[in-house]
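# Descriptive structure summary
Chain by chain, the residues run as shown.
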Amino acid sequence: MSVRQHWRPAVAAALALAVVTGCGSGSEPAAKSDGGSGTRVFSADNGEIKIPAAPERVVATGYAVPALIEADAALVGISTWKRGLAMMTEQDRATYERLPKVAGESAAETNYEAIAAAKPDLIVIGVPKPVLADVDLKRLESIAPVVAIGPTVPDAWRELSRRQADAAGRTEHFEAAKDAYEKKAAELKAKYGTVLSSLKFGHLGAYGDISKGTFHREFAKSWGTNIAQDIGVTYYGEVKKKGGGGLDVTEYPSLEELPESLGEADAITYTLQPDGTPAEAVKQVIDSALWKNLPAVKAGRVFPLQYTEAATYESALKTLDSIDKAFTPLLNR
């Protein structure tokens, strides 16, 4: 059963309360009403855009796809989102498979004719700002209002998905998913807080380059670390030189630098693929003699994590489950 099915009653209660009290959820609005015309002005990456107050036919691409599927938005077309399929619930996967695909994995694979045929009243583009150059915005704007709401730094998925849900008029569903995630994270923080408080963690990511002999070191607020931080994990260190976006929290040292990079860690987490196996870039590291000689590895404090690329609250529940499973041995020490 979908997590969303569990929190629908909470959504109904929240909506009833809002009607009685006239109060919202407490979050800052991303748009302002345009009188009684049924439209509002929304602040997006591509400017102040007039959009329907209650969209009825929405097209979503990129990171907006999982966010709006989970929010039960009125979707009539989406881009493919293969990287996130393993993190979808059975219900959301069925929705994904059913919806017409109007774009591919990259912004350059946008099918403008298919989008026009879907007759949307709102198009939500979830790609990074630099990638917008690959999209013919003027052509899309001739079809329907377009809001670009794309990722910046890895841990910004929380605000990103909120804005995407808001644009589609589904903020109440977003808030319920957020509450479910925060409740679970708080439970795990209470469960592991004492044992985690004394440990300094490092993280090995999955995007090293085997041909260049590099590994992927992720710091706090990166893909592999930000959800674990919500339950009290502390990741030490920072990149030597910030390069903007993900490069502010991740770097790619040579394998020979492994002892220098992770030698101070009391414990190490590392990324697994959705199927529970390490990618080749991770395997080359954990099979190396340098890895086996790290103090954290010798102490047996190494923890593999699945679903570290979750970019919505509902999918991040799977990440929390993986973290819980990985950290269970800490309670027996």
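These lines cover the structure that appears in this document, whether it is placed above or below. (Residues numbered from 1 in each chain as written. Predicted model: local features only at pLDDT ≥ 70, side-chain atom pairs only at ≥ 80, totals over all residues. Heavy atoms only, no water.)

## Some details on the side chain of Thr 80
Our working rule: Helix and strand assignments follow DSSP, with helices taken as H or I runs no shorter than four residues and strands as E runs no shorter than two, numbered in order from the N terminus. Relative accessibility thresholds used throughout: buried, under 20% of the residue-type maximum; exposed, over 50%; partly exposed, between the two (1.4 Å probe, protein chains only). In this analysis, two residues are considered to be in contact whenever any of their non-hydrogen atoms come within 4.5 Å of each other.
By the secondary structure assignment, Thr 80 is in the loop between β5 (75-79) and α3 (90-98). Of the residues examined, Thr 80 reaches a relative accessible area of 17% and is grouped as buried. Leave out the neighbours within four places in its chain, and Thr 80 touches Tyr 96, Lys 101, Ala 103, Gly 104 and Glu 105.

## Digging into α3
What counts, and what does not: Note that the arc is defined by the directions from the helix axis to the C-beta atoms.
Taken as a whole, α3 has its buried residues at Asp 92, Thr 95 and Tyr 96. Projected down its long axis, α3 carries its buried residues within an arc of 100°, all on one side. For α3, exposure combined with an orientation more than 90 degrees from the buried face picks out Glu 90 and Arg 98.

## Some words on the sheet that holds strand β9 (residues 201-205)
To keep it simple, the criterion reads: In short, DSSP must find at least two bridges between two strands for them to pair. Axes, fitted as lines to C-alpha atoms, cover a helix only where it is in contact. Angles between the N-to-C directions of the axes lie from 0 to 180 degrees.
Here we have five strands laid out as an open sheet, ordered β11-β10-β9-β12-β13, and mixed in their pairing. The open sheet has two free edges, formed respectively by β11 (250-251) and β13 (302-305), since each of these has just one partner strand. Here two bridges tie strand β10 (residues 216-218) to β11, and the two strands are oriented antiparallel to one another. Its bridge partner lying in β11, Glu 218 is registered against Thr 250. Each of β9, β12 (267-271) and β13 is contacted by helix α13 (residues 313-327), which is oriented at about 155° to β13, the strand it contacts most.

## Quick notes on the nonpolar core
Side chains of a nonpolar character, in soluble globular proteins, are inclined to be buried together. The following threshold applies: Nonpolar cores were defined as sets of buried Ala, Val, Leu, Ile, Met, Phe, Trp, Tyr and Cys residues, with membership established by side-chain atoms within 4.5 Å.
Formed by 58 residues in total, the largest nonpolar core has its most connected members in Leu 68, Leu 75, Val 147, Phe 201, Ile 231, Leu 320 and Phe 327. Grouped together as the second largest cluster of nonpolar side chains are 19 residues, Ala 206, Ala 265, Trp 291 and Ala 296 included.

## What about the packing of aromatic side chains?
What counts is decided by this rule: When the centres of two rings from Phe, Tyr and Trp lie within 6.5 Å, Trp using its six-membered ring, the rings pair. Their planes under 30 degrees apart give stacked, over 60 give edge-to-face, and anything left gives tilted. A ring has a charge above it when a Lys NZ or an Arg CZ is no more than 6 Å from the ring centre and no more than 35 degrees off the ring normal.
Scanning the model with the defined rule gives twelve aromatic pairs in all. Summarising the aromatic geometry, the rings of Tyr 63 and Trp 81 are spaced 4.8 Å apart at their centres and angled 65° between planes, so their arrangement reads as edge-to-face. Taken as a pair, Tyr 63 in the loop between β4 (58-62) and α2 (64-70) and Trp 81 in the loop between β5 and α3 lie far apart in primary sequence, 18 residues in all. The pair Tyr 63 / Trp 81 is uniform in exposure class, with both members buried. Ring centres of Trp 157 and Tyr 313 lie 4.9 Å apart, and the angle between their planes is 65°; this geometry places the pair in the edge-to-face category. In this pair, Trp 157 sits in helix α6 (residues 157-167) while Tyr 313 sits in helix α13, placing the two residues 156 residues apart along the sequence. We note that Trp 157, like Tyr 313, is buried. One aromatic cluster is present, built from ring pairs that chain together Tyr 192, Phe 201, Tyr 235, Phe 303 and Phe 327. A cation sits over an aromatic face here: Lys 200 above Tyr 236, 5.1 Å from the ring centre. Of note, Lys 318 hangs over the ring of Tyr 307, and the distance from its end group to the ring centre comes to 5.3 Å.

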